[in-house]
Amino acid sequence: MRQKTFISRNFRRFVAPLALLPLSGCNMVVMNPTGDIALQERNLILVALGMMLLVVIPVLTLIVVFAFRYRKGRAPEKYDPNFTHSAPIEVVVWSIPLLIIACLGVVTWITTHSLDPFRPLDRISADKPLAKDHKPLDIQVVAMDWKWLFIYPEQGIATVNELALPVDVPVRFSITSTNQFNTFSAPTLAGMIYAMPGMKSMLHAVLNAPGDSWGYSGNYTGAGYSDMRFKLHGVDQAGFDQWAAGIKAAGETLSTDRYVELDKPSEKVPVMHFSTVASGLFDRVLNRCVVAGTECAADIMKKDRALDRDNGGMFAPQPMDHSAMQVSDGPMSQGMPSMSHTSTSGDVTAAVPAAHDHTNTGTNNGALAAPEQQGSNARP
């Protein structure tokens, strides 16, 4: 009796709520999106689910039929103890799954390209095309510990844990992170996109209906992960302009020092508004050089390329000499010109005929010329 009570109590506590998952807020948002990209992703889920049910439903049905027809104690009308093979059954068992896999492959190929997050939008919705010269709204996203920073460079404002988007206006998100891998996820808008330190992800999306919803990080990042959410407001253009003007008039300044303070790990962070943003802040976050005196990653890579170029590396200029155009007398290459690619560094000259001799003939104090020179296939 005690064991039954324990099982019943825990079933109600842990198992029964699983039946309500399809009705939960997250799933309702995924299946009832308000953005065109999220809507296409929802349709892809339904198409894939429908194709898979073409196999699942017949299999589950036949389980019941076979269990009833061939149960113990029931003698079927026809019994063949020597049955080993049936061509019609083999055709059905193999052809239907292969057709489903082929259809899923075609659908996946098409949607992989059409729903590429880096690909600019070509429509507002299924019945609203987008002009080619239309400029999207730029928003810069920084995933922090444990909050979201949104910078509107055109409006000159920034927010924390609040994102407002005008309806039927394409949006181009530039996404990065400060220290950890996160995923930027707004189910009513589009799918999950990684936010990575030192790298920039892109997302093109659009909202087609006003309303409020939530966005969050779909990648576990520590203690404050559960409260790493942001409010998503869909408003008309007039409402968006009024919202941005209100922040511009009443927000605080997001200076470099204020950003450094904001970057410290914190949990359950309330909504913040910033009326001005330090110039180039997102680029410095991306290049990990917000703190004064820190060298930016882009500058480090630029110096490395220059150093490599000055030392004859892969970035060094490689002039090509096309003056020596000769016709080979060989039977295999008669009528074909040979090209001499000459690169000179000091006393080193490497000439490579375009016929069959690809050896490096240049010398430097008795040593073969560097194999990485233009036109040389020789190995030292």
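All figures in this text were calculated on a predicted structure; none of them were measured in a lab.

Side note on the overall build of the chain
Alright, step 1. Secondary structure summary: the chain contains 8 helices and 20 strands in total.
Alright, step 2. Look at the contacts in the chain between residues 6 or more apart in sequence, and 58% of them connect residues 24 or more apart.

Looking at unusual backbone geometry
Alright, step 1. For the bond from D145 to W146, the omega torsion is -5 degrees, close enough to zero to count as cis.
Alright, step 2. Residue N161 is not a glycine yet carries a positive backbone phi of 60 degrees.
Alright, step 3. Mapped onto the elements, N161 comes out in the loop between β5 (157–160) and β6 (162–166).
Alright, step 4. Accessibility expressed as a relative area gives 4% for N161, which makes it buried.
Alright, step 5. Here R288, not a glycine, exhibits a phi torsion of approximately 55 degrees, which is positive.
Alright, step 6. Tracing the backbone shows R288 in the loop between α7 (281–286) and α8 (297–310).

Considerations on the sheet that holds strand β9 (residues 190–195)
Alright, step 1. Strand order in the open sheet formed by 5 strands is β6-β12-β11-β8-β9, and the pairing between neighbours is mixed. At either end of the open sheet lies a strand with only one pairing partner, and these are β6 and β9. With strand direction ignored, the average angle separating the axes of adjacent strands in the sheet is 20 degrees.
Alright, step 2. As paired elements, strand β8 (residues 182–186) and strand β11 (residues 211–217) share 2 bridges and run antiparallel to each other. Bridge pairing in β11 places F184 opposite S217.
Alright, step 3. Most of the contacts of helix α5 (residues 237–250) go to β6, to which it runs at about 140 degrees, and overall it touches β6 and β12 (229–235).

Quick notes on the pairing of β11
Along any regular strand the residues' side chains alternate between the sheet's two faces.
Alright, step 1. Of the pairings in the sheet, the one linking β11 to β12 comprises 6 bridges and is antiparallel in character. In the strand pairing of β12, Y216 is matched with R229.

Rules and cut-offs
- Residues numbered from 1 in each chain as written.
- Predicted model: local features only at pLDDT ≥ 70, side-chain atom pairs only at ≥ 80, totals over all residues.
- Heavy atoms only, no water.
- Helix = DSSP H or I, 4+ residues; strand = E, 2+ residues; numbered from the N terminus.
- Contact = heavy atoms within 4.5 Å.
- Buried < 20%, exposed > 50% of the residue type's maximum accessible area, 1.4 Å probe, protein only.
- Pairing = 2+ DSSP bridges.
- Axes fitted to C-alpha atoms, helices over the stretch in contact; angles between N-to-C directions.

That is the geometry; function is a separate question.
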